[in-house]
Amino acid sequence: MTTQNISGKTQILGVIGHPVNHTGSPAMQNHMCQQLGLDYVYVAFNVAPDQLESAISGIRALHIKGVNVTIPHKEAVIPFLDELDPLAEKIGAVNTIVNQNGRLIGYNTDGRGFLIALMQELQIDVNNKRIIILGAGGSGKAIAHTIAEKPINSLIIANRTAEKAHQLAQLCQAQGTALSDLTLASLTDADIVINTTALGMGDHQNQCPVTAFSWVSTKHLICDIIYNPSETPFLSQCRQKGATTLNGIGMLAGQGQLAFELFTGFSADYQLLKAQLI
Ligand code: NAP
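Residues numbered from 1 in each chain as written. Predicted model: local features only at pLDDT ≥ 70, side-chain atom pairs only at ≥ 80, totals over all residues. Heavy atoms only, no water.

Describing the overall build of the protein chain
- Secondary structure assignment for the protein chain yields 10 helices and 12 strands.
- If you line up the protein chain on its principal axes, its C-alpha atoms span 60 × 35 × 35 Å.
- Across the protein chain, contacts joining residues at least 24 apart in sequence account for 66% of those joining residues at least 6 apart.
- Only carbon and sulfur atoms are counted for the fraction: they give 49% of the accessible area of the protein chain, which is about 12,900 Å². (Helix = DSSP H or I, 4+ residues; strand = E, 2+ residues; numbered from the N terminus. Contact = heavy atoms within 4.5 Å. Areas by Shrake-Rupley, 256 points an atom, 1.4 Å probe, with all protein chains shown as cover.)

Structural notes on the state of the cysteines
- Within the structure shown, the criterion is met by zero disulfides.
- Here Cys 208 stays unpaired: no disulfide links it, and the sulfur of Cys 238, its closest cysteine neighbor, is 7.6 Å away.
- Cys 208 gets classed as buried once you look at its relative accessible area, which sits at 19%. (Disulfide = S-S within 2.5 Å. Buried < 20%, exposed > 50% of the residue type's maximum accessible area, 1.4 Å probe, protein only.)

Comments concerning the sheet that holds strand 6 (residues 103–107)
- Taking strand neighbours across the sheet as the criterion, the six strands line up as 2-1-3-5-6-4 in an open arrangement whose pairing is mixed. Of all the strands in the sheet, just strand 2 (40–46) and strand 4 (83–84) have a single pairing partner and so form its edges.
- Bridge count between strand 1 (residues 11–17) and strand 2: seven bridges; the pairing is parallel. Looking across to strand 2, one finds that Ile 12 is bridged to Val 41.
- Sitting on the sheet, helix 9 (residues 249–264) is in contact with strand 1, strand 2, strand 3 (66–69), strand 5 (96–100) and strand 6, with an inclination near 5° to strand 5. (Pairing = 2+ DSSP bridges. Axes fitted to C-alpha atoms, helices over the stretch in contact; angles between N-to-C directions.)

Examining the pattern of salt bridges
- Counted by the stated rule, this structure contains nine salt bridges.
- Its salt-bridge partner being Glu 149, residue Lys 90 comes within 2.9 Å of it at the nearest N-O pair. Residue Lys 90 is located in helix 3 (residues 86–91), and its partner Glu 149 is located in the loop between helix 5 (138–148) and strand 8 (154–159); the two are separated by 59 residues in the primary sequence.
- For Lys 90, a relative accessible area of 44% translates into the label partly exposed.
- With a shortest N-O distance of 3.0 Å, Glu 121 and Lys 274 are connected by a salt bridge. Of the two residues, Glu 121 is situated in helix 4 (residues 110–122) and Lys 274 in helix 10 (residues 270–275); the sequence distance between them amounts to 153 residues.
- For Glu 121, a relative accessible area of 27% gives the class partly exposed. (Salt bridge = Lys/Arg side-chain N within 4 Å of Asp/Glu carboxyl O.)

Observations regarding the site of the ligand
- Taken together, 21 residues lie near the ligand, and Ser 139, Asn 159, Thr 161, Lys 164 and Met 201 sit nearest.
- Between an oxygen atom of the ligand and a main-chain N or O atom of Ala 198, the distance comes to 3.1 Å.
- Within the contact set of the ligand, an oxygen atom lies 3.4 Å away from a backbone nitrogen or oxygen of Leu 252.
- Within the complex, the protein chains bury 79% of what would otherwise be the 930 Å² of accessible surface of the ligand.
- Counting only elements with at least two residues in the shell around the ligand, the list comes to helix 5 and helix 9. (Near = heavy atom within 4 Å. Polar contact = N/O pair within 3.5 Å; in protein donor to acceptor, adjacent residues only side chain to side chain.)

Some points on unusual backbone geometry
- Of note, the bond from His 18 into Pro 19 is cis; its omega dihedral lies within 30 degrees of zero at 5°.
- Mapping Pro 19 onto the fold places it in the loop between strand 1 and helix 1 (25–36).
- Following Ile 71, the chain continues to Pro 72 via a peptide bond in cis, the omega torsion being 10°.
- With respect to the secondary-structure elements, Pro 72 resides in the loop between strand 3 and strand 4.
- Positive phi is not limited to glycine here, since Gln 173 has a value of about 50°.
- Turning to its location among the elements, Gln 173 is positioned in the loop between helix 6 (162–171) and strand 9 (175–178).

See below:
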């Protein structure tokens, strides 16, 4: 869709967040619409927290077909929706809203987006794996609940605030621990370790969620859902020890793929979406 092709019939998609000027979603979603010849346009809406309820009413009033939801609105948006998909309800956060004839339905595609990235990039699934998730924030919750629905071997959730790790672990039938109490034995035994903490980006760019790396070996798959920088210090240390590593770009493409399919009903190509983010 180019601006010359926008007509009275063009359907509107978007992302709401605060701020939104760095989002990669418009490039990804508009490219896919263009590739498939779909009459949609996807834009970014900067919505301040005190305007969230009005913005959600606006989705109905303006017949916007669907929106992605990003920081800081993923949890706050829930009271303004008409229905939640069961996985989004478990997670307690929404990253995709679909407008079905005025009824707003909330989904969370973050965790399944992560699983898509594992399969697309490494042909790996989580079945029978021993998994450790570092972090119990919004994305930690999304990944933990999604993984807990699969036939995994075991799941440990480690978080700076131990109470949050224990609460999430209880909901996911996993083991919870303080990040500082995570043992080298658990890390050594794990097949997949996933960093979902903020350590490695922004103000925390030079920090790692764990400080010792003696446990890392070539059998480990180490994931970091941070995508900027493309290699966090955690991933770099683990790669140098011979582990397979995966950054967060694939998860971003995977959650976008699922959102596109919910918005339009058409399948989206993971590689094409990812190419728009690099
Ligand atoms: P969030 O809800 O704010 O959670 C932040 C997490 O980081 C919590 O577990 C928090 O622990 C931990 N943390 C923060 N500062 C810490 C510190 N100094 N030491 C130890 N732990 C610390 O954030 P989020 O939405 O889950 O996002 C987390 C990261 O994931 C961000 O870097 C974001 O860019 C990335 N992300 C990537 C994707 C993708 O598609 N690839 C999608 C979503 C998010 P406490 O509970 O103790 O505060």
